[in-house]
Amino acid sequence: MVFRISPEQQQLRDSALRFVRENASFERWQKTVVAGQEPARGTWRQMADLGWLGIVVGEEQGGLGGSPFDTMVLMEALGSGFVRDPYVGTCVLAPRLLEHAQSNAVKAVLAAIPEGHAIIALALGETDGGFGLADVSTRATRQDGSFRISGLKTYVPDGVDATHIVVPVRTSGALHERNGITLLLVDAGSPGMTTMAFRSVDHRPVAQIRFDDVRVADHRVLGAVDQGHDLLEFGVDHAIAAELAEALGAMDAAADLTLAYLKTREQFGALIGSFQALQHRMADIAMACEETRSLVYLATAGLSAGRHDRRRAISAAKARVGQCGLFVGHQCVQLHGGIGTSDEMAVSHYMRRLRMLDMRFGNADFHRSVFAAMARGAVS
């Protein structure tokens, strides 16, 4: 596939790469995140000033109304560094959901995204659920002009810092049924919410949130009552495409670090990069990166297709990029030797991030099964 970015997108890429060098270096990552400190939100403010937080948001809401390819270019550059800010959840996924709301209150939250005043997390993971978007058991009942939510969301990326939480709840039907899912926008810290913070393998902040009869007004519904599955799927597909681009950036960065290491590390009186077996392994890494690049372009282009073709393109890319990402991460660590697994080496953190990106919204095995089911017509 041949893909050429526009001059504006090239400027965006150059700006993002410069931002990573100055604000998201591995040295800064070590001094803050790995050391257990919470980094300041200064980078989030800088992103807002640069206009990046509003790429997906429509112009009528103060955004840029950009294309998925604009997001792809930015995410590939951010993936090459150590950016901890909740970009995908807030600036890619959330706008795709909030733009379908009718109330002025929800539109005000959407307009706050480009300014950097809103951080929005998706509360998807549940104890009884798998990777399927219909695996929702958290219940909400309608009463006196509002919904009452009760249940537990076990894995909420960026839920600790969020100002708002998008909560898929079941308002009818049984677990695994697509019909009966409603999306609600809940203010963080609402009465009845209990949040427990922890970190994932890649040091990103994650929350577990319990809802005990949390009240949410009717006008906080995103989309239609009982019909939120397809809207959630639409938003998640855009988030997956963005994170595939992030994975590509991480893979390229890990490969560059490994190649530089092979050119400087000596063993048995010779540079290890001169060993033919290791050259072959670097060639395999390069091929995996190029394969990923084509799949990222394909998935991003597929976002403009109809639902069936979009889903096929996303699941196909997610399955294969997950495999390629883990291959590159593991190979790069192995070529560094035992030290490659330590916190002192950037390559170990790229591997951890690639592992978590593979698991996010369904791992390679899950999406391979989805693609196969769609191919034989078992999934509508």
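Here's what I pulled together on the structure shown here. The structure displayed is predicted, hence computed values, not measured ones.

How each quantity is defined
Positions within a chain are numbered from 1, following the residues in the order the chain's sequence is written. Totals for whole chains, interfaces and linings use all residues, but because this is a predicted model, local features are given only for residues with pLDDT of at least 70 and pairs of side-chain atoms are given and counted only at 80 or more. For the side-chain quantities, the full set of heavy atoms in the structure was used; hydrogens and water were omitted. Strands here mean DSSP runs of E at least two residues long; helices mean DSSP runs of H or I at least four residues long; both are numbered from the N terminus. Computation of the radius of gyration draws on C-alpha atoms alone. For the globule rule, the value is 2.2 Å times the number of residues to the power 0.38. Here the term buried applies to any residue with accessible area under 20% of the maximum for its type, exposed to any over 50%, and partly exposed to those in between, with areas from a 1.4 Å probe on protein chains only. Note on contacts: a residue pair qualifies if any of its non-hydrogen atoms lie within 4.5 Å across the two residues. Where accessible areas are quoted, they stem from the Shrake-Rupley method and a 1.4 Å probe; at the residue level, only the protein chains shown are allowed to cover. Under the convention used here, Asp and Glu are negative, Lys and Arg are positive, and both His and the chain ends fall outside the count. Lysine's charge is taken at NZ, arginine's at CZ, aspartate's at CG and glutamate's at CD. Any pair of Phe, Tyr and Trp rings, taking the six-membered ring for Trp, is counted once the centres come within 6.5 Å. Such a pair is stacked with planes under 30 degrees apart, edge-to-face with planes over 60 apart, and tilted for the rest. Each C-beta atom gives one direction from the helix axis, and the arc is the one those directions make. Within this scheme, the nonpolar core is defined by two criteria: the residues are buried Ala, Val, Leu, Ile, Met, Phe, Trp, Tyr or Cys, and they are joined through side-chain atoms within 4.5 Å. Helix span is expected to be 1.5 Å times the residue number reduced by one. Only one rule defines a salt bridge in this text: a Lys or Arg side-chain nitrogen within 4 Å of an Asp or Glu carboxyl oxygen. Interaxial angles span 0 to 180 degrees and are taken between N-to-C directions of axes, which are lines fitted to C-alpha atoms, for helices over the stretch in contact. If an angle is under 35 degrees, it is roughly parallel; if it is over 145, roughly antiparallel; if it lies from 65 to 115, roughly perpendicular; otherwise it is oblique. Take the far helix as the reference: if the near one is turned anticlockwise from it by less than a right angle, the crossing is left-handed, and if turned clockwise, right-handed. Asp, Glu, Lys and Arg are counted as charged, while Ala, Val, Leu, Ile, Met, Phe, Trp, Tyr, Cys and Pro are counted as nonpolar; the rest, among them Gly, fall into the polar class. Space inside and on the surface of the protein is sampled on a 1 Å grid over the protein atoms alone, with a cavity defined as a set of points where a 1.4 Å probe fits but cannot get out and a pocket as an open set with protein on both sides within 12 Å along at least 5 of 7 lines; lining residues have an atom within 4 Å of a point. Grid points are joined across faces, edges and corners, and a volume is the space filled by probe spheres set on the points.

**Brief notes about the overall build of the protein chain**
Inference 1: Secondary structure assignment for the protein chain yields 11 helices and 10 strands.
Inference 2: Computed over C-alpha atoms, the radius of gyration of the protein chain comes to 21 Å, within 12% of the 21 Å expected from 2.2 N^0.38 for 380 residues, which places it in the range of a compact globule.
Inference 3: When its C-alpha atoms are laid out on the principal axes, the protein chain stretches across 80 × 50 × 40 Å.
Inference 4: The 380 residues of the protein chain split such that 54% are buried.
Inference 5: Counting contacts in the protein chain only where the partners sit at least 6 residues apart, residues at least 24 apart contribute 74% of the total.
Inference 6: About 16000 Å² of surface is accessible on the protein chain, with carbon and sulfur atoms providing 52% of the total.
Inference 7: When the 38 basic and 42 acidic side-chain charges of the protein chain are each reduced to a single mean position, those positions are 2 Å apart.

**Brief notes about the packing of aromatic side chains**
Inference 1: Under the criterion given, the structure shown has 6 aromatic pairs.
Inference 2: Aromatic pair F26 and F82: ring centres 5.4 Å apart, planes at 45 degrees, arrangement tilted. Pair noted here: F26 is in helix α2 (residues 26-34) and F82 is in the loop between α4 (68-79) and α5 (87-98), with a separation of 56 residues, a long-range link. Comparing F26 with F82, the two get one shared label, buried.

**Some thoughts on helix α3 (residues 42-50)**
Inference 1: Here α3 has its buried residues at T43, W44, M47 and A48. Seen end-on, α3 carries its buried residues on one side only, within an arc spanning 145 degrees.
Inference 2: The elements touched by buried residues of α3 are α1 (7-23), α4 and α5.
Inference 3: Looking at the residues trailing α3, positive phi occurs at G51, about 90 degrees.

**Comments concerning the nonpolar core**
Inference 1: Within the largest apolar cluster, 113 residues are counted, with the highest numbers of intra-cluster contacts made by Y87, L98 and L222.
Inference 2: For this core, the leading source of residues is helix α7 (residues 229-262), giving 18 residues.
Inference 3: Dropping the residues within four chain positions of it, L98 is found in contact with V106, V109, L110, I120, V166 and L222.

**A closer look at α7**
Inference 1: Along its 34 residues, α7 runs 48 Å from first to last C-alpha, staying within 8% of the 50 Å computed at 1.5 Å per residue.
Inference 2: Burial runs high along α7: 28 of the 34 residues are buried.

**So, the pattern of salt bridges**
Inference 1: Per the stated rule, a full pass over the model turns up 21 salt bridges.
Inference 2: Across the pair R178 and D230 runs a salt bridge, and its minimum N-O distance is 2.6 Å. Within this pair, whereas R178 is found in the loop between β4 (164-170) and β5 (181-187), its partner D230 is found in helix α7, the two being separated by 52 residues in sequence.
Inference 3: For R178, a relative accessible area of 28% gives the class partly exposed.
Inference 4: On the basis of relative accessibility, which here comes to 38%, the residue D230 falls in the partly exposed class.

**Points about the packing of α7 against helix α9 (residues 307-336)**
Inference 1: At a closest axis distance of 9 Å, the pairing of α7 and α9 adopts a crossing angle of 25 degrees. Put simply, α7 runs roughly parallel to α9. Relative to α9, the crossing made by α7 is left-handed.
Inference 2: Tallied by class, residues from the contact of α7 with α9 come to 18 nonpolar, 3 polar and 7 charged.

**Regarding the layout of surface pockets**
Inference 1: In this structure, the largest pocket spans a volume of roughly 740 Å³.
Inference 2: In terms of lining residues, the largest pocket is bounded by 39 residues, among which Y155, P157, M356, R360 and F361 are the most central.
Inference 3: The set of elements that each furnish at least two residues to the lining of the largest pocket consists of α4, α5, β3 (146-157), β7 (205-217), α7 and α10 (346-359).
Inference 4: Broken down by element, the residue count for the lining of the largest pocket peaks at 4 residues, all from α10.
Inference 5: Residue classes in the lining of the largest pocket are distributed as 18 nonpolar, 10 polar and 11 charged.

Taken by themselves, the reported measurements are silent on function.
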